[in-house]
Amino acid sequence: QVQLVESGGGLVQPGGSLRLSCAASGSIFRIYTMRWHRQAPGNQRELVAQVTRGGSTNYADSVKGRFTISRDNAKNTVYLQMNSLKPEDTAIYYCNADISTVWDTSAKDYWGQGTQVTVSS
């Protein structure tokens, strides 16, 4: 009923930038907090950044000052602008959101399929 689709990953050199997008579609009633997580090989999945419906943001210490999360409520889309990328940012990045549907107004947790970000020279 609800899908999250990420895009914008790829290969970038250290110091470069990428912008990830995640679009939600389906029988959406309301989207609450939207988040980006990442998981590097051999590591646990970690929360990178989150943004509330009202626009309040939080970031992991490792990305503060380099990454910016934003959202467009009219487009049901969340973005992650990643600047000054480092090799340690290499991971699969996942979009996640709390969403209520037209069929069930209690918010549930939805995830995208992930997009690979590789930072390497």
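This is a predicted model, so every value here is computed, not measured.

A. Structural context of the state of the cysteines. Under the defined criterion, the tally for this structure stands at one disulfide. Between Cys22 and Cys95 runs a disulfide, and the two sulfur atoms are separated by 2.1 Å. Disulfide Cys22-Cys95: torsion about the S-S bond near -80°, hence left-handed. Taken together, the positions of Cys22 in strand E3 (residues 18-26) and Cys95 in strand E9 (residues 91-101) put the pair 73 residues apart, joining distant regions of the chain. Each member of the pair, Cys22 as well as Cys95, is classed as buried.

B. Quick peek at the environment of Gly54. Following the sequence through the fold, Gly54 ends up in the loop between strand E5 (46-51) and strand E6 (57-59). Separated by 21 residues in sequence, Gly54 and Thr33 place their C-alpha atoms 8.8 Å apart.

C. Structural detail: the pairing of strand E10 (residues 108-111). Pairing of E9 with E10 involves four bridges; the strand directions are antiparallel. Along E10, the bridge assignment pairs Ile99 with Lys108. Here E9 hands over to E10 after six residues, the two strands then running antiparallel side by side.

D. Broad picture of unusual backbone geometry. We note that Asn76 has phi near 50°; this positive angle belongs to a residue other than glycine. With respect to the element layout, Asn76 can be found in the loop between strand E7 (67-72) and strand E8 (77-82). Residue classification places Asn76 among the partly exposed positions, given a relative accessible area of 26%. Phi is positive for Ser84, which is not a glycine, with a value near 50°. Tracing the chain through its elements places Ser84 in the loop between E8 and E9.

E. The side chain of Arg35, seen in detail. By the secondary structure assignment, Arg35 is in strand E4 (residues 28-39). Take Arg35: its relative accessible area is 16%, and that puts it in the buried class. Residues within four places of Arg35 in sequence aside, it is in contact with Leu47, Ala49, Gln50, Tyr94, Cys95, Asn96, Ala97, Asp98 and Asp109.

Thresholds, definitions, all that
Residues numbered from 1 in each chain as written. Predicted model: local features only at pLDDT ≥ 70, side-chain atom pairs only at ≥ 80, totals over all residues. Heavy atoms only, no water. Disulfide = S-S within 2.5 Å. Helix = DSSP H or I, 4+ residues; strand = E, 2+ residues; numbered from the N terminus. Buried < 20%, exposed > 50% of the residue type's maximum accessible area, 1.4 Å probe, protein only. Pairing = 2+ DSSP bridges. Contact = heavy atoms within 4.5 Å.

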